[in-house]
Each structure stands twice: as structure tokens, then as C-alpha cells.
Amino acid sequence: MADLARIARPLLLAPRRHLIIRTPAVMSSASCLGLGLRHGLGLGQKQKRDKFTAARPSPRSRKAPAQKDMMNFGAMPSLLLPLTAVPPPIWRFPRSPVKFAQLSWLLIKNRVQNLAAILGIYFVSMKGKGLSRPQFRAGRRAAIPTAKALHAQMSEAVAAGDKDTLRRICTPELFQTFAGAIDARPRGVRSEWELVRYDNRLRYPRLADFRVSYQPAGPASKGLKLRKQAVVSISSVQRLARYDDARGGEVVPGSERERHLVEHFVLQSDVKDGTFESEPWKIWGTLPEMSYETMREDAAAYLDLAATSQR
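As the structure is a prediction and not an experimental result, all values here were calculated from the model.

(A) Quick look at the packing of aromatic side chains. Summed over the entire model, instances satisfying the criterion amount to three aromatic pairs. A centroid spacing of 5.2 Å and a plane angle of 55° characterise the contact between Phe93 and Phe100, whose relative ring orientation is tilted. Given a relative accessible area of 12%, Phe93 falls into the buried group. Both rings, one in Phe210 and one in Trp281, keep their centres 6.3 Å apart while their planes meet at 75°; by these two values the pair is edge-to-face. Pair noted here: Phe210 is in strand 2 (residues 206-218) and Trp281 is in the loop between strand 5 (257-271) and strand 6 (282-287), with a separation of 71 residues, a long-range link.

Structure follows, in C-alpha cells:
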């Protein structure tokens, strides 16, 4: 176990000196509710935007300043943990045998490194130098039901303009985005959201990624805080509509629709020092599915950060 801890330590701590500030993502269902919002940006992906998503910027943007709104919360922005991966299904892997093999290797390496980091945390949380039961609990089994519950709560709260619920279940950055969009809604227009059903049940929901890493504790502290993160992929059919109360609650023309959405839902939870108790999960946002090029860029950026931090 001591050898395992030595292996896991650089995986947990390598990026600590050069962390990337990433804008939290906004949910697809929220965009459909007429908030005019889009997914956030992250590390490594070329900017390729569609109606609901925006891919992550290049690694050159790693020195982007934190949002001013974060100062109101007295905490560092909620960062997406390094090497977070949302791989495509195998039938959307590159057709080139070389690229297929390279993507497979990147995913295997990613999962092995992540497993070593998690096992390292288990070892560190043991009392008596590895001779006792670990205090840390990953909580992987609870990630999927928790994500489904938070997904519904968030969508209903966005539709209803319930800021108190959004403040409680979202990271500060995501809450600020939602709150600003809710305040900008036209007066007298209300929204309704309904989960019609979960579909494609053979594949979803599933735990696409789960990892732990140390992140900055806050602007006033030079310490680090352990954070765990889960990415849960959810496939659902959702009904979205807006109503104009000034016209007797009539449906706004063109606003009522059902949509099939696949969302890669990101949750984060801070782990308390000493006791290794996990705080309640909070919603970070969503991520787009990652491509072969994205995986390569992220791996290269991580290696660059790790090499720089060890100098």
C-alpha cells in the first residue's frame, strides 16, 4: 500500500501549481427553457459550438482570470478536475485502426491513473499507517440516483425561478449564471418543465467518469481541498413550455415542445480534512462528449502541467 500511495501522489498533486479556471456548464434543458444559455468551456477542446454546447478552449487559455462574481462567495471557482473524460461509445470511435488503438490506449491509461489516485486517497485516509479501515468513502453507487434527483430539482427550479433551491444544489458559478438569466426573463412569462420519461435504458443512466483530486481551498488560503467528482450520463425526454400570464396563461407560440436530450451531468463534492467526510453533491454543469482529438489534447496538456509542476 505504501508503494501505491507513492504512485498515486503525483496523480493527485501534479496539477496544483497550474490550475485551469473553467467556466461551469449550463444544462441543455435550461437552454430549452428560453434562458438563452449555453454550455461552459473547459480545457483542451477546440472551440466547436452548436445550439446547446460549447466545447472547451485550447490549453493556451489556462491563465484566464476568474469571474468577478466568485469574489462574492469568498471561494475559488469550481474547477473541472484534471483528465475528466466523457468518451464516445465504441461505434463512434475513429475508423482509422491507428486512431482507434490510440484512443483506446488513452482511455485505458486514464482509467488506470484515476484508479491509482482513488486508491491512494483510501490509503491516506487510513489511521495507523495503513492498518485500519479507510475513512474516505467514494460513494460511487449513490452518484447515479443523486444525479437523477438533482437533475430534476435543478430543471424544476430553473423553470419556477426558484433561486433558493438553485443556490443550495449548484456550484456558485452555475448559480450566478442561472440567477442572472432568471432575472432577465420578461415579466409575466413563466416556464414549465416536465420529465416525460427516461429512455435508452440499456445504456443510460451510467457513470461516465468518477475521480478525486486536490483543488485550491480559496483565495485567502494557500492550502488545498480534496474534491471528488462524478459525471453521470442521462438520456431523457423532456417537455418544455412557456406561458404568458398577461394573456390569460396562453402558451407562448412555438415554446411548447418535447425534446430527447443526452446530458453528461457533472457533480462535485468537497471532502473534509481530517475526517474525510463528503459534503453534499453540487451540480457543476454538463460536458460535451469527448472526441479522439480532445482526449489527445487533454492528455498532452496534463503531461505539460505535471512536468512544469515538478521543476
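(B) A look at helix 3 (residues 97-124). Spanning 28 residues, helix 3 covers 41 Å between terminal C-alpha atoms, matching the ideal 40 Å at 1.5 Å per step. All buried positions along helix 3 are accounted for by Leu103, Leu106, Leu107, Asn110, Asn114, Ala116, Ala117, Ile118, Gly120, Ile121 and Phe123.

(C) Geometry of the environment of Phe276. Tracing the backbone shows Phe276 in the loop between strand 5 and strand 6. In sequence terms Phe276 and Met126 are 150 residues apart; their C-alpha atoms lie 10.0 Å from each other. Among all residues touching Phe276, those that are not within four sequence positions of it are Val124, Ser125, Gln135, Phe136, Leu226 and Val271.

Here is what the cut-offs are and how they apply
Residues numbered from 1 in each chain as written. Predicted model: local features only at pLDDT ≥ 70, side-chain atom pairs only at ≥ 80, totals over all residues. Heavy atoms only, no water. Phe/Tyr/Trp six-rings, centres within 6.5 Å; stacked < 30°, edge-to-face > 60°. Buried < 20%, exposed > 50% of the residue type's maximum accessible area, 1.4 Å probe, protein only. Helix = DSSP H or I, 4+ residues; strand = E, 2+ residues; numbered from the N terminus. Expected span 1.5 Å × (residues − 1). Contact = heavy atoms within 4.5 Å.

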